[in-house]
Amino acid sequence: MTRILHRRTTHSYPAAASGQGAFIRDAAGKDYIDASSGAAVSCLGHSHPDVLAAMHEQLDKLAYAHTSFFTTQVAEELADDLVAHAPKGIGRVFFVSGGSEAVEAALKLARQYFVERGELQRRHIIARRQSYHGVTLGALATGGREWQRKQFGPLLIETHHVSPAYEYRGRRVGETLQAFAARLAEELEAKIAELGGDTVMGFVAETVVGATLGAVPAVPTYFKRVRDICDRHGILLILDEVMCGMGRTGTLHAVEQEGVAPDLIAIAKGLGGGYQPIGAVLVGEKIVAALDAGSGFFQHGHTYIGHPVACAAALAVQKVIQRDDLLARVRRQGAGLRERLQRAFGSHPNVGDIRGRGLFMALELVADRESKRPFDPALKLHARIKAEAMARGLMVYPMGGTIDGRKGDHVLLAPPFIVGDADLDEIVSRLAGAVDASIAATRALDSEDLETTES
Ligand SMILES: Cc1ncc(COP(=O)(O)O)c(C=O)c1O
């Protein structure tokens, strides 16, 4: 019997025993293709020798030093590297140990920025529905996944939400992409006006929405319009690239493809590629300047920030990405993945949309393609697909509640950047088997249900 309080308390999980490249082997010797890099984490795959060597080297030098006493060379080098490759205007890096911590720190930096400037009335956060920003209370309050927020509602800070840029379901028939982006921008303007422009501190968005919507990039001009609105009202633009960032979409930061510069960027997952728990906030120069000119102290911090072994792992991951030109490989293999998905699912009666960027792709499943009608949530199609995929030795990241937190199913794919062509063939073929088997099972259930209803 397990003594771990697992995510699902009554589910029994296979034990992961070893990993190599794009594969994880369980204790029974079964191999799984890691087509989701866990949760878009293992960007270099498993057991990368350069990353392991860098971690060993750092361990032999120094495992830990508290950041209220010391900085370390490895953390400084990582920060230099991140700033050197960051979007325009990013000046410093605040290290944390994961995505939720990165989002919390970004929210606090935003608030403290305005406090330093004497704009004490700025407290409102506007984010988007159907977004995920983490599980700690501030990040959870910011996220727009209703079912996840619901039971913790009494504990959450006040936040406000507008519509996501979800073209497949949000764009009206006959509406151009530009008009859709303009409508979303108007909605944001209206929300700001309702709250009072000088009371809003930040607009928070995933540049490409990950787990909740399934690899949904914004429509063209959306982020330019958002940046413009934020500038006009003195609001900080905070992008959550915990899942979509650090190369996943084919550029180091997904926002590079939007042509705007955010004020704060939360990163994690691919930063350390799963070799160590690490996240960070990339901090705009104007925020750093306000802190420097004000209290000179960011009133926040954890015991493990800037952990030397985590920084060594992340630095090694970033160096491998640069040395091996892996961003170009993400674009190339991403195009290959898209092509294969199109071939396998482009005319599948239950696949309504194939979307994403780089090696961050998703399928949205529908009961009927024409009307985009989703499957009955009670069928738990997404959970079936996960189980069928695992049975076939395939790790993918399906999720339910795509449309509104309750209805809709999608499958997210985020293979490691090192994924090969044969692996991609295998991923898509096993996924096709898993999807078809799951849908067949729901049909059987459907008719069972019908029989019961009719009798
Ligand atoms: C966009 C986004 N933000 C924040 C988080 C939270 O990160 P963590 O699970 O490392 O706390 C996640 C995790 O999936 C995420 O996808």
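Residues numbered from 1 in each chain as written. Predicted model: local features only at pLDDT ≥ 70, side-chain atom pairs only at ≥ 80, totals over all residues. Heavy atoms only, no water.

### Some thoughts on the overall build of the protein chain
Then step 1. Within the protein chain, the secondary structure is distributed over 14 helices and 17 strands.
Then step 2. Seen through its principal axes, the protein chain has C-alpha atoms that stretch 75 × 55 × 45 Å.
Then step 3. A burial count over the protein chain gives 55% of its 455 residues as buried.
Then step 4. Here the contacts in the protein chain between residues at least 6 apart in sequence split such that 72% fall between residues at least 24 apart.
Then step 5. Carbon and sulfur atoms make up 53% of the accessible area of the protein chain, which amounts to about 19800 Å² in all.
Then step 6. Here the protein chain carries 51 positive and 54 negative side-chain charges, and the mean point of each set is 2 Å from the other. (Helix = DSSP H or I, 4+ residues; strand = E, 2+ residues; numbered from the N terminus. Buried < 20%, exposed > 50% of the residue type's maximum accessible area, 1.4 Å probe, protein only. Contact = heavy atoms within 4.5 Å. Areas by Shrake-Rupley, 256 points an atom, 1.4 Å probe, with all protein chains shown as cover. Lys, Arg positive; Asp, Glu negative; His and termini not counted. Charge placed at Lys NZ, Arg CZ, Asp CG, Glu CD.)

### Points about a positive patch on the surface
Then step 1. A grouping of Arg 7, Arg 8, Lys 380 and Lys 386 is seen on the molecular surface, where their side chains present a positively charged patch.
Then step 2. Tracing the backbone shows Arg 8 in the segment before strand 1 (16-20).
Then step 3. The exposure class of Arg 8 is exposed, given its relative accessible area of 61%. (Patch = residues over 30% accessible without salt bridge, like charges linked within 9 Å, V, L, I, M, F, W, Y side chains within 5 Å. Salt bridge = Lys/Arg side-chain N within 4 Å of Asp/Glu carboxyl O.)

### Quick look at the packing of helix 2 (residues 49-61) against helix 11 (residues 308-323)
Then step 1. Two elements in contact, helix 2 and helix 11, have axes separated by 8 Å at closest approach and are oriented at 150°. The orientation of helix 2 relative to helix 11 falls into the category roughly antiparallel. Like other packed secondary-structure pairs, helix 2 and helix 11 cross with a definite hand, here right-handed. Contacts between helix 2 and helix 11 involve Asp 50, Val 51, Ala 54, Met 55, Gln 58 and Leu 59 from the former and Pro 308, Val 309, Ala 312, Ala 313, Ala 316, Val 317, Val 320 and Arg 323 from the latter.
Then step 2. Considering only residue class, the contact of helix 2 with helix 11 consists of eleven nonpolar, one polar and two charged. (Axes fitted to C-alpha atoms, helices over the stretch in contact; angles between N-to-C directions. Parallel < 35°, antiparallel > 145°, perpendicular 65-115°, else oblique. Left-handed = near helix turned anticlockwise from the far one by under 90°. Nonpolar A, V, L, I, M, F, W, Y, C, P; charged D, E, K, R; others polar.)

### Some words on the site of the ligand
Then step 1. Taken together, Gly 98, Gly 99, Ser 100, Tyr 132, His 133, Gly 134, Glu 206, Asp 240, Val 242, Met 243 and Lys 269 form the complete shell of residues around the ligand.
Then step 2. At a separation of 3.5 Å, a nitrogen atom of the ligand approaches a polar backbone atom of Tyr 132.
Then step 3. One of the side-chain nitrogen or oxygen atoms of Lys 269 is found 2.9 Å away from an oxygen atom of the ligand.
Then step 4. Alone, the ligand offers 390 Å² of accessible surface; in the complex the protein occludes 82% of this.
Then step 5. Its residues assigned to classes, the shell around the ligand comprises three nonpolar, five polar and three charged. (Near = heavy atom within 4 Å. Polar contact = N/O pair within 3.5 Å; in protein donor to acceptor, adjacent residues only side chain to side chain.)

### Some words on the sheet that holds strand 14 (residues 360-365)
Sheets are built from strands that pair by backbone hydrogen bonding, the pairs being arranged parallel or antiparallel.
Then step 1. The strand order 13-14-17-16 describes an open sheet built from four strands, whose pairing is antiparallel. Either end of the sheet is taken by a strand with one partner, and the two such strands are strand 13 (351-357) and strand 16 (397-400). Going across the sheet, the axis of each strand differs from the next one's by a mean of 20°, ignoring polarity.
Then step 2. Pairing of strand 13 with strand 14, which is carried by six bridges, proceeds in the antiparallel orientation. What sits directly across from Val 351, in strand 14, is Leu 365. (Pairing = 2+ DSSP bridges.)

### A word on the environment of Pro 220
Then step 1. Position of Pro 220 relative to the elements: it lies in the loop between strand 9 (216-217) and helix 9 (222-233).
Then step 2. Residues within four places of Pro 220 in sequence aside, it is in contact with Leu 177 and Ala 181.

### Brief notes about the packing of aromatic side chains
For any pair of aromatic rings, the description consists of the separation of the ring centres together with the inter-plane angle of the planes.
Then step 1. Considering all chains together, one arrives at four aromatic pairs under this definition.
Then step 2. Ring geometry for Tyr 113 versus Phe 114: centroids 4.9 Å apart, planes at 65°, classification edge-to-face. Here Tyr 113 and Phe 114 have matching classes, each one buried.
Then step 3. In this arrangement the basic side chain of Arg 145 is found over the ring face of Tyr 132, its NZ or CZ atom lying 4.5 Å from the centre.
Then step 4. Note that Lys 372 overlies the ring of Tyr 168, its terminal NZ or CZ placed 4.3 Å from the centroid. (Phe/Tyr/Trp six-rings, centres within 6.5 Å; stacked < 30°, edge-to-face > 60°. Lys NZ or Arg CZ within 6 Å of the ring centre and 35° of its normal.)

### Section: a nonpolar patch on the surface
Then step 1. Together, Leu 137, Phe 152 and Leu 155 line one region of the surface with nonpolar side chains, adding up to about 280 Å² of accessible area.
Then step 2. Along the chain, Leu 137 falls in helix 5 (residues 137-142).

### Some remarks on the pairing of strand 12 (residues 279-284)
Consecutive side chains of a regular strand alternate in pointing toward one face of the sheet and then the other.
Then step 1. With six of its six residues buried, strand 12 lies for the most part within the structure.
Then step 2. Along strand 12, one buried face is formed by Gly 279, Val 281 and Val 283 and the opposite face, lined by Ala 280, Leu 282 and Gly 284, is buried too.
Then step 3. As judged from the six bridges shared by strand 4 (residues 90-96) and strand 12, these two strands associate in the antiparallel manner. Directly across from Phe 94, in strand 12, lies its bridge partner Val 281.

### Focus: unusual backbone geometry
Then step 1. Residue Ser 47 is not a glycine yet carries a positive backbone phi of 60°.
Then step 2. In this fold, Ser 47 is placed in the loop between helix 1 (37-40) and helix 2.
Then step 3. Among the residues examined, Ser 47 registers a relative accessible area of 28% and is labelled partly exposed.
Then step 4. A positive phi angle, close to 50°, is found at Lys 380, a residue other than glycine.

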